[in-house]
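Descriptive analysis of the structure
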Amino acid sequence: MIRITLPDNSVREYPEGVTGLDIAKSLSNSLAKEVLSVTVNGEVYDLTRSINEDAEIILNKWDSEDGMHAFWHSSAHLMAEALEALYPGIKLGIGPSIDNGFYYDVDPGEGVTITDSDLPAIENKMKELAQQQNTFVRKVMPKKEALEHYTRKGDQYKVELLNDLEDGTISFYTHGNFTDLCRGPHLPHTGYIKAFKLLSVAGAYWKGDERNKQLTRIYGVSFPKQKMLDEHLAMLEEAKKRDHRKIGRDLELFTFSHVVGSGLPMWLPKGAQLRERLEEFLKKVQREHGYEQVITPHIGQKELYVTSGHYAKYGEASFRPISTPAEGEEFLLKPMNCPHHCEIYKFKPRSYKDLPVRMAEFGTVYRYEQSGELHGLTRARGFTQDDAHIFCRPDQLKEEFTKVIDIIFVIFKALDFKDFIVQISLRDPHDKEKYIGSDENWEKSEKAIIEATREKGLEASIEYGEAAFYGPKLDFMVKDALGRKWQLGTIQVDYNLPERFDLEYTGSDNQKHRPIMIHRAPFGSMERFVAVLIEHTAGKFPLWLTPEQVVILPISEKVHNYAEKVLNLLKNCDIRALIDLRNEKIGRKIRDSELKRIPYLLVVGEKEAENSTVSVRKQGEGDKGSMNLQDFVKFAKQEIEKQLEDISK
Ligand SMILES: [Zn+2]
Ligand SMILES: [Zn+2]
């Protein structure tokens, strides 16, 4: 018998070789129907895999990542099985689960292409195979044997994958006539996969390397119930409408040009206004929290990034050199601002009394991304970080952390992100050697982060082993209006750069000490943040932020003078207004203004001109009736001021 510790900490005895599914059945039948995988002493197992030793287990259902990923990953296998049946000779790359479903990279073979129009046929085959309820059978064999098998089959991708694996035993999974090299875990059988949809086909370089062959990547998503799939597909439809690339074009916020180069966004006047307003807002909040703005160049000497370690880490290919052949100097485009800020810190001797030093910069950086990876503003090659670095003493770490959390809260509140998740990443307590910095410092800083989040009333999940080698961190993920998760603010402690740049301060003991560095960028980058904001609000920005707050719509030419008068009055009151003087029907003008997501529409005709009134329509709420012009101005100003006040509270 073996002793199994259940999630509620109770211990039960089971015969050796018991499976997660057996255990679930012994607890309740309804649980057994819902459970998808089992975590055994920290490792995720198939539900049908034997457990042969005393263990602590977690039964993973759809609501846990480990359950969901077993489901999606098994769906990738089911899709591959269908592909093999439909495309004889197809070669398989990798087929992982991802954040929102699964994909498989395949090589259909010479002259064969798979396009979106082939997806329904693949889905039908999958349905047929799922109905067979074929069990996933795990088998292990020595690496050598596995290599022989795939070499014989001429499966060059699997051979490459095997060669990258360490020697030892390799696991395979078979269901129906299909076998795949895989670590698992999988569902008990294919019949679990009741509802699925193949979403799209894209090109993807083998192993993500553009020097390799381009394979065909097929994306899909699956659910235990049809209703869940229907809801998900409705969400995807809505997401399409909210795609920031589409809204950005419709609202004339930003553009890309192939002549300038892909991945290099250009902000149009309205987008630039929006961005400037966000920057001003953040600058003000940061000023109130003791930050000082600095400005550094877009390039730096190669040596700078060699010193910082970025050059070795990201490799030559990540950097774009700019050289002055005559003088033999070599510069690189700046991929991050931190090294420059370290040099600013060193500009003069610092004493313990000078700390913390909080240096902020809207710093534009350039990073190489493969063209296939580029995606509007969320994945660009040039972007501006709302970056800042805090240099502080160890005893100040907790307070500084708390202050950064405060700033992130202000931003979330101002932009209506109500739902977010917080994760603390700490070092792996069993592998302390791989981290830089003293044991004492790590203990202190980890404690500081945990305490700071607790004091702020945040429920953070703690992930061991997820810290960077140079320090622990705190991550914020927001959930947008469609329930999608976006990684936004990160607060990162760093013991490495102060060491590499030999940063110092003189302590009260008159000795030299190393400051601790904190990296933080609440927006991440202006580009990414604006993209998330567009998709979250569907382009309906809060009144204080939106580029155009009010539009005046004259009914006829006769009232153009009055409309101009209204415009001037609004402008004098710092309300961002415009006028639609086109010779169009009023219904058309209203529709167009609503498409532009302008919050207030003022319709003016002869009656309004006579009485100095405006007929007010609010975006999304319709007709609000007639208002005295002066009253409207006061009302709009108050609403904007109240929003700004609420933010700074
Ligand atoms: Zn697998
Ligand atoms: Zn940094």
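Residues numbered from 1 in each chain as written. Chains lettered and ligands numbered in written order. Predicted model: local features only at pLDDT ≥ 70, side-chain atom pairs only at ≥ 80, totals over all residues. Heavy atoms only, no water.

**Overview of the sheet that holds strand 26 (residues 473-479)**
- Strands sit in the order 18-22-23-30-27-26-24-25 across an open sheet of 8 strands; the sheet is mixed. Unpaired on one side and paired on the other, strand 18 (292-293) and strand 25 (460-464) mark the two borders of the sheet.
- Bridge count for strand 27 (residues 485-494) against strand 30 (residues 516-520) is 4 bridges, and the pairing is antiparallel. Within strand 30, the residue paired with Gln492 across the bridge is His519.
- Across the sheet, helix 14 (residues 439-455) touches strand 24 (419-426), strand 25, strand 26 and strand 27, and the angle it forms with strand 24 is around 160°.
- Each of strand 22 (357-366), strand 23 (382-392) and strand 27 touches helix 16 (residues 526-537); the most contacted strand, strand 27, lies at about 150° to it. (Pairing = 2+ DSSP bridges. Helix = DSSP H or I, 4+ residues; strand = E, 2+ residues; numbered from the N terminus. Contact = heavy atoms within 4.5 Å. Axes fitted to C-alpha atoms, helices over the stretch in contact; angles between N-to-C directions.)

**Observations regarding the coordination of the zinc ion (ligand 1)**
- Each protein donor to the zinc ion (ligand 1) is listed here as His73 (NE2), His77 (NE2), Cys182 (SG) and His186 (NE2); together their distances run 1.9 to 2.1 Å.
- Considering all 4 donor atoms around the zinc ion (ligand 1), angles at the metal cover 91 to 128° and the coordination shape is tetrahedral.
- Taken in chain order, the donor set of the zinc ion (ligand 1) reads H-x3-H-x104-C-x3-H. Of the two residues, His77 is situated in helix 3 (residues 65-86) and His186 in the loop between strand 13 (178-181) and strand 14 (195-205); the sequence distance between them amounts to 109 residues. A single burial state applies to His77 and to His186, both of which are buried. (Donors = N, O, S within 2.8 Å, 3.2 Å for Na, K, Ca; no water. Tetrahedral: all angles 85-135°; square planar, octahedral: opposite > 155°, others 65-115°. Buried < 20%, exposed > 50% of the residue type's maximum accessible area, 1.4 Å probe, protein only.)

**Overview of the domain arrangement of the protein**
- Annotation of the protein at the domain level lists domain 1 (2-61), domain 2 (69-230), domain 3 (254-297 + 334-537), domain 4 (299-333) and domain 5 (550-648).
- The C-alpha centroid of domain 3 is placed 38 Å from the C-alpha centroid of domain 2. (Domains from an automatic or database assignment.)

**Considering the side chain of Asn60**
- Inspection of the secondary structure puts Asn60 in strand 7 (residues 55-60).
- Taking relative accessible area as the criterion, Asn60 reaches 4% and is therefore assigned buried.
- Among the polar contacts listed, one links the side chain of Asn60 to the side chain of Thr39, at a separation of 2.9 Å. (Polar contact = N/O pair within 3.5 Å; in protein donor to acceptor, adjacent residues only side chain to side chain.)

**Thoughts on unusual backbone geometry**
- A cis geometry characterises the amide bond from Gly184 onward to Pro185, with omega recorded as 0°.
- Mapping Pro185 onto the fold places it in the loop between strand 13 and strand 14.
- Each neighbour pair has its own omega, and for Leu355 with Pro356 the value is 0°, a cis peptide bond.
- Note that Pro356 resides in the loop between helix 12 (338-345) and strand 22.
- We note that Asn41 has phi near 45°; this positive angle belongs to a residue other than glycine.
- Along the chain, the position of Asn41 falls in the loop between strand 4 (37-40) and strand 5 (43-45).
- Residue class for Asn41 comes out partly exposed when judged on its relative accessible area of 44%.
- At Asp502, a position not held by glycine, the phi torsion is positive, near 55°.

**Some details on the packing of aromatic side chains**
- In total, this model carries 24 aromatic pairs according to the counting rule given.
- A centroid spacing of 5.7 Å and a plane angle of 85° characterise the contact between Trp62 and Trp72, whose relative ring orientation is edge-to-face. With Trp62 in the loop between strand 7 and helix 3 and Trp72 in helix 3, the pair connects residues that are 10 residues apart, well separated along the chain. Comparing Trp62 with Trp72, the two get one shared label, buried.
- With a centroid separation of 5.4 Å and 50° between ring planes, the pair formed by Trp62 and Phe223 is classed as tilted. Here the residue Trp62 occupies a position in the loop between strand 7 and helix 3, and Phe223 occupies one in strand 15 (residues 214-223), the gap between them amounting to 161 residues.
- Relative accessible area serves as the criterion here: at 16%, Trp62 is assigned to the buried category.
- Accessibility expressed as a relative area gives 7% for Phe223, which makes it buried.
- Chaining the aromatic ring pairs together yields one cluster made of Phe409, Phe412, Phe417, Phe420, Phe476, Phe523 and Phe529. (Phe/Tyr/Trp six-rings, centres within 6.5 Å; stacked < 30°, edge-to-face > 60°.)

**Concerning the nonpolar core**
- Grouped together as the largest cluster of nonpolar side chains are 84 residues, with contacts concentrated most on Leu415 and Leu570.
- For this core, the leading source of residues is helix 13 (residues 397-414), giving 10 residues.
- Residues from two domains meet in this core; each of domain 3 (254-297 + 334-537) and domain 5 (550-648) gives at least three.
- Apart from residues lying up to four places away in sequence, Leu570 is in contact with Val550, Ile552, Ile575, Ala577, Leu602, Phe632 and Val633.
- Membership of the second largest hydrophobic core comes to 52 residues, among which are Val18, Tyr45, Met79 and Leu198. (Core = buried A, V, L, I, M, F, W, Y, C linked by side-chain atoms within 4.5 Å.)

**A short note on the state of the cysteines**
- Overall, the coordinates contain 0 disulfides when judged by the stated rule.
- Here Cys342 is not disulfide-linked; the sulfur of Cys338 is the nearest cysteine sulfur, at 7.0 Å. (Disulfide = S-S within 2.5 Å.)

**What about the sheet that holds strand 35 (residues 622-628)?**
- Within the open sheet, the 5 strands sit side by side as 32-31-33-34-35. Their pairing is mixed. The open sheet has two edge strands, strand 32 (577-579) and strand 35, and neither has a second partner. The mean inter-strand angle of the sheet, taken between neighbouring strand axes irrespective of direction, is 25°.
- Two strands pair when backbone bridges link them, and strand 31 (residues 550-554) and strand 33 (residues 600-604) are joined in this way by 5 bridges, in the parallel orientation. Residue pairing for strand 33: Pro554 is matched across the bridge by Val604.
- Along the sheet, helix 18 (residues 586-595) contacts strand 31, strand 33 and strand 34 (613-618); its crossing angle with strand 31, the most-contacted strand, is approximately 170°.

**Describing the pairing of strand 13**
- Where strand 12 (residues 169-175) lies against strand 13, 4 bridges are found, and the strand directions are antiparallel. The partner of Tyr173 across the bridge, within strand 13, is Asp180.

**A closer look at the pattern of salt bridges**
- Taken as a whole and judged by the stated rule, the model has 49 salt bridges.
- The partner of Lys125 in a salt bridge is Glu128, and the shortest N-O contact between them spans 3.2 Å. Here the residue Lys125 and the residue Glu128 both occupy positions in helix 4 (residues 119-131), the gap between them amounting to 3 residues, near one helical turn.
- Among the ionic pairs, Lys618 bridges to Glu621, the shortest N-O distance being 4.0 Å.
- Beyond isolated ion pairs, a larger network of salt bridges with shared partners links Asp580, Arg582, Glu584, Arg588 and Asp592. (Salt bridge = Lys/Arg side-chain N within 4 Å of Asp/Glu carboxyl O.)

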